[in-house]
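Observations on chain architecture
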Amino acid sequence: MKITIQILLSALTLLIYQKTTAQAGYELWLRYDRIQNEERLENYRNAIKSFTVEGQSETLEIIRKELSEALTDLLGKPVEQQKINGSIVIQKKHPNLNNQLERMTFDGYVIKSTGDQIIISANSDIGLLYGTFGLLRLIQTQQSLEEVSIASEPKIQERLLNHWDNLDRTSERGYAGFSIWDWHKLPGYIDQRYLDYARANASIGINGTVLTNVNANALILTPTYLEKVKALADGFRPYGIKVYLTARFSAPIEIGGLATADPLDSEVINWWKNKVSEIYSYIPDFGGFLVKANSEGQPGPQNYGRSHADGANMMAKALQPHNGIVMWRAFVYSNEEPEDRAKQAFNEFMPLDGTFEDNVVVQVKNGAIDFQPREPFHPLFGSMKETPLAMEFQITQEYLGQATQLVYLAPMYKEVLDADTYAKGKGSEVAKAIDGSLYNHSISAIAGVANIGTDINWTGHPFAQSNWYTYGRLAWDHTISSEKIANEWIQMTWTQDSSKLSIIKELMMTSWPASVNYMTPLGLHHLMGTGHHYGPGPWVDNLPRADWNPVYYHKADKEGIGFDRTRTGSDAVDQYFPEISKTFNDPTTCPEMYLLWFHHLPWDYKMKSGNTLWTEIALRYQKGVDQVREMQNQWNQLENSIDPVRFSSVQMLLEIQANEAIWWKDACLQYFQQFSERKLPKSVEPPKESLDYYQKLRFPYAPGH
Ligand code: GCW
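Calculation rules
Residues numbered from 1 in each chain as written. Predicted model: local features only at pLDDT ≥ 70, side-chain atom pairs only at ≥ 80, totals over all residues. Heavy atoms only, no water. Helix = DSSP H or I, 4+ residues; strand = E, 2+ residues; numbered from the N terminus. Rg over C-alpha atoms; globule rule 2.2 N^0.38 Å. Buried < 20%, exposed > 50% of the residue type's maximum accessible area, 1.4 Å probe, protein only. Pairing = 2+ DSSP bridges. Axes fitted to C-alpha atoms, helices over the stretch in contact; angles between N-to-C directions. Contact = heavy atoms within 4.5 Å. Phe/Tyr/Trp six-rings, centres within 6.5 Å; stacked < 30°, edge-to-face > 60°. Salt bridge = Lys/Arg side-chain N within 4 Å of Asp/Glu carboxyl O. Near = heavy atom within 4 Å. Polar contact = N/O pair within 3.5 Å; in protein donor to acceptor, adjacent residues only side chain to side chain. Areas by Shrake-Rupley, 256 points an atom, 1.4 Å probe, with all protein chains shown as cover. Nonpolar A, V, L, I, M, F, W, Y, C, P; charged D, E, K, R; others polar. Expected span 1.5 Å × (residues − 1). Bend = angle between axes of the 7 residues up to and from the residue. Lys, Arg positive; Asp, Glu negative; His and termini not counted. pLDDT = per-residue confidence, 0-100.

1. Description of the overall build of the protein
Helices and strands together make up the secondary structure of the protein, namely 22 helices and 16 strands. Its C-alpha radius of gyration of 26 Å places the protein within 12% of the 27 Å reference for a compact globule of 705 residues. For the protein, the C-alpha atoms occupy an extent of roughly 80 × 65 × 55 Å along the three principal directions. Taking all 705 residues of the protein together, the buried fraction comes to 62%.

2. Thoughts on the sheet that holds strand β7 (residues 158–162)
Ordered in space as β7-β8-β9-β10-β11-β12-β13-β14, the eight strands form a closed barrel in which the pairing is parallel. Between one strand and the next, the sheet's axes are offset by a mean angle of 25°, whatever the strand orientation. Across three bridges, strand β8 (residues 208–210) lies against strand β9 (residues 242–246) in parallel orientation. Counted as the bridge partner of Thr209 is Val243 from β9. Running at roughly 160° to strand β11 (residues 325–329), helix α10 (residues 308–319) makes contact with β10 (288–291), β11 and β12 (360–365) of the sheet.

3. Quick notes on the packing of aromatic side chains
Per the stated rule, a full pass over the model turns up 41 aromatic pairs. Plain terms: the ring middles of Phe463 and Trp494 are 5.1 Å apart, the flat faces sit at 20° to each other, and that makes the pair stacked. Separated by 31 residues along the polypeptide, Phe463 in the loop between β14 (445–449) and α14 (464–476) and Trp494 in the loop between α15 (482–493) and α16 (498–519) bring together distant segments of the chain. Overall, the relative accessible area of 6% leaves Trp494 in the buried class. Each ring, one from Tyr534 and one from Trp663, has its centre 5.2 Å from the other, and the planes form 65°; the classification is edge-to-face. With Tyr534 in the loop between α16 and α17 (550–554) and Trp663 in helix α21 (residues 644–676), this pair connects stretches of sequence that are 129 residues apart. An aromatic cluster of three or more residues is present, and its members are Tyr26, Trp29, Trp181, Tyr194, Tyr197, Phe236, Trp458, Trp468 and Tyr469.

4. Quick notes on the pattern of salt bridges
All chains considered together, the criterion is met by 39 salt bridges. Linking Arg248 and Glu254 is a salt bridge whose minimum nitrogen-to-oxygen distance equals 3.0 Å. The closest approach of N and O atoms between Asp370 and Lys365, which form a salt bridge, is 2.7 Å. In this structure, Asp370 and Lys365 share a single accessibility class: buried.

5. Considerations on the sheet that holds strand β1 (residues 50–53)
If you walk across this open sheet you meet the six strands as β2-β1-β3-β5-β4-β6, and the pairing is mixed. Of all strands in the sheet, those with a lone pairing partner are β2 (80–81) and β6 (149–152), marking the two edges. Inspection of the sheet shows strand β3 (residues 88–90) paired to strand β5 (residues 118–122) by three bridges, in the parallel sense. Opposite Val89, over in β5, you have Ile119 as the bridge partner. Against the sheet, helix α3 (residues 58–75) contacts β1, β2 and β3, and its axis sits at roughly 175° relative to β1.

6. Structural notes on the pairing of strand β4 (residues 109–113)
Most of β4 sits out of view: four of its five residues are buried. One ladder, built from five bridges, connects β4 with β5; its direction is antiparallel. For Ser113, the partnering residue across the bridge sits in β5 and is Ile118. Linking β4 back to β5 in an antiparallel pair, the connection comprises four residues, with Gly115 at a positive phi of about 110°. The sheet contact formed by β4 and β6 spans four bridges and is antiparallel. The residue bridging Lys112 from the neighbouring strand is Ser149, located in β6.

7. Considering the site of the ligand
The environment of the ligand is made up of 15 residues, and the closest members are Glu172, Lys292, Arg329, Lys365 and Glu398. Asp370 places a side-chain nitrogen or oxygen 2.7 Å from an oxygen atom of the ligand. A distance of 2.5 Å separates an oxygen atom of the ligand from a polar side-chain atom of Glu398. Relative to its unbound accessible area of 340 Å², the ligand is 97% covered by the protein chains. Looking at the shell around the ligand residue by residue, the classes come out as four nonpolar, three polar and eight charged.

8. Some words on the environment of Gln82
Along the polypeptide, Gln82 turns up in the loop between β2 and β3. Gln82 sits 136 residues away from Ala218 along the chain, and the two C-alpha atoms are 50 Å apart. Beyond its immediate chain neighbours, meaning those up to four positions away, Gln82 contacts Ser50, Phe51 and Thr52. Among the polar contacts made by the side chain of Gln82, one reaches the side chain of Ser50 at a distance of 3.1 Å.

9. Quick look at α16
Taking 1.5 Å per residue, 22 residues should reach 32 Å; α16 reaches 32 Å between its end C-alpha atoms and fits that length. At Ser511, α16 shows its largest bend, some 35°, and a proline, Pro513, comes one to four positions later. Of the residues flanking the start of α16, the one acting as N-cap is Asp497, its side-chain oxygen 2.9 Å from the backbone nitrogen of Ser499.

10. A closer look at the pairing of β14
Along β14, five of the five residues are buried, which leaves the element largely enclosed by surrounding structure. Of the two faces of β14, the one carrying Ala445, Ala447 and Val449 and the one carrying Ile446 and Gly448 are both buried. Of the pairings in the sheet, the one linking β7 to β14 comprises five bridges and is parallel in character. Paired with Arg159 across the bridge in β14 is Ile446. By the bridge criterion, four bridges tie strand β13 (residues 389–394) to β14 in an arrangement that is parallel. Its bridge partner lying in β14, Gln394 is registered against Val449.

11. Topic: the environment of Thr72
Looking at the element boundaries, Thr72 is found in helix α3. The spacing of Thr72 and Asp33 is 39 residues in sequence and 10.0 Å in space, taken between C-alpha atoms. Discounting residues that sit within four places of it in the chain, Thr72 has contacts with Leu67, Lys77, Pro78 and Val79.

12. Side note on the side chain of Arg159
Residue position: Arg159 is located in strand β7. Buried charged residue Arg159 carries no salt bridge. Nearest counter-charge: Asp107, at 5.2 Å. If we skip the residues at most four places from it in the chain, Arg159 touches Tyr130, Pro154, Gly205, Ile206, Asn207, Gly208, Ile446, Tyr471, Ala475 and Trp476.

13. Some thoughts on the side chain of Thr470
Residue placement: Thr470 occurs in helix α14. Taking the relative accessible area as the measure of exposure, Thr470 reaches 0% and is therefore buried. Excluding its chain neighbours within four sequence positions, the residues that come into contact with Thr470 are Tyr408, Ala410, Tyr413 and Ile485.

14. Topic: the confidence of the model for the protein
Here the protein averages 96 in pLDDT, and 97% of its residues register 70 or above. Every residue in residues 12–17 is under pLDDT 50, and counting partners more than four places away or in other chains gives zero contacts.

The following block contains the structure:
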């Protein structure tokens with residue numbers, strides 16, 4: 001009797017614990033809440049009585065566990081595993097689907113209903129895992145399975161997260177607590193979080209992870225740390241996730257005891273060769289290196305008068321025997337260079353096109369400056385023809401409200417992916433430059449700077465989970481729309497009620513345009529506070545390098561505002577193909593969203609709306625504030641339909657966001673007003689505090705810095 005009560009009590013505690021973590025969001029989009037629509041539930045229950053997974057492997061075991069738990073939760077009744085002939089059959093290279101599977105590359109999958117069974121098949125166990133999550137997503141989003149026939153394969157081969165995580169567990173630009181890698185306790189202690197992380201990534205098709213910060217520490221390449229990396233890699237492998245590391249260019253000196261790191265020096269070449277072999281002795285499927293070189297103080301080949309290609313190729317050759325790749329970042333801008341910062345990466349890398357080894361991918365940020373709220377696409381996309389380019393998106397919201405603001409990034413990613421480079425005439429979108437189809441490259445890759453940390457909900461802001469989800473879905477298939485991704489994510493994370501779903505979707509779709517309005521409207525950029533980049537600092541002009549200062553970017557003066565990148569200015573426009581450069585070069589054809597990115601215009605410049613530029617800027621800032629208030633109203637309508645913990649957490653964060661939007665508006669408008677010497681339009685609310693007040697705000701312990 002006593003024992004029974006004890007068992008009951010601990011079961012109850014577990015239930016309560018599970019409930020609280022679920023409410024706090026630890027489950028991410030894998031909550032598997034029971035289907036509420038009775039009719040659909042009945043259909044699913046009739047169609048799915050059991051499942052069969054053919055074969056044995058760690059991955060297949062994961063599939064069994066996932067299916068059994070997920071289906072039982074979703075259908076609200078146990079769904080048993082059957083040795084043969086279950087209502088769902090999961091089988092590699094299923095004979096009936098051979099035709100389709102033979103045409104499939106990578107880890108694609110097929111889901112097909114035969115009338116009385118649903119078959120999931122693929123060429124690999126990992127493909128089966130993706131297919132399993134694919135099927136579960138169909139059920140989570142309540143699609144009919146009756147005539148289901150889906151063939152899905154990733155458009156991009158290497159779909160990576162980049163963690164900017166340091167060995168001391170801080171995370172550069174991390175806003176969700178500390179790094180999830182507990183290096184101190186590894187390799188002995190495998191935190192369940194590592195496996196949950198791998199599972200979540202597998203559910204959206206992410207297949208690689210760079211564990212360490214691009215501002216790299218050579219110690220990660222020493223045996224002590226390689227043991228730890230191996231432990232993670234072993235845990236991730238069954239989920240199809242390969243491990244990569246950042247390689248500090250000066251490692252041969254720092255941990256190898258050599259006098260130089262010159263990439264043409266034979267001792268250095270040998271050192272890397274041996275180091276790479278050593279890494280593969282720990283991790284036989286190690287993915288390769290990500291390198292930030294000669295950028296923001298990181299060492300690189302130029303320290304020895306060598307080029308980026310010399311550096312990248314030296315590492316690439318060391319990796320070739322093991323099938324590893326080098327992702328060499330194009331985020332470079334020189335210390336001395338008086339050239340417009342937006343032009344420097346292009347100038348540096350274009351002449352190197354065609355000189356890289358086959359296993360080098362040049363990793364390019366979405367825009368030419370640095371993850372700004374909105375940037376025109378990087379001119380390297382489409383321009384480098386011989387070199388595979390990886391897209392680097394930032395998921396962590398360094399310049400986009402960090403962890404206090406709800407900003408759904410899918411529309412931003414899509415704007416860049418869908419932008420036409422005109423490299424081979426119309427229809428040469430950025431996405432095609434990345435997925436390899438534009439110039440027939442055999443490697444394709446994409447990277448997202450992770451927003452994951454130790455916070456119970458992984459990402460700090462509950463809605464920041466949507467950006468992790470979005471990144472994975474777009475890395476898999478860049479043609480999916482932002483609305484569809486939002487729909488899926490909301491249904492899996494928040495609610496099955498379609499009217500509630502529409503409210504959340506609308507709020508999400510407004511959030512990015514809103515943030516651009518209240519932070520950097522009309523092509524303004526890099527106005528953030530020094531160092532931490534939290535909040536506005538358009539007045540900052542005291543940093544050691546000109547191009548670290550907001551005044552360098554907005555160039556506001558008595559005449560006007562904006563950075564002149566036209567042919568008579570810095571001529572950054574001519575880094576684009578003629579169709580685009582022509583459009584950007586002329587203020588009357590330049591899309592207004594990029595206007596002040598490319599043009600320095602008078603305060604009285606006539607905008608399309610008929611307003612002057614000054615008035616338009618002021619109205620945009622106000623609009624951003626109003627949009628956040630509307631988002632608050634929308635959220636408040638959900639009060640009784642969302643669990644109280646998550647509801648109030650988002651409610652509080654939206655209140656902070658609204659105040660931050662006002663702060664941005666007031667600080668920027670008062671600062672620019674000193675130059676424009678014009679009144680604020682009537683519909684713009686008067687500032688809450690003085691410019692002096694805003695200028696004196698300090699955040700010495702802002703996170704992610
Ligand atoms: O966005 C800037 C960040 C740096 C970062 C750098 C980079 C890792 O402010 O923190 O360093 O970009 O991408 O290398």
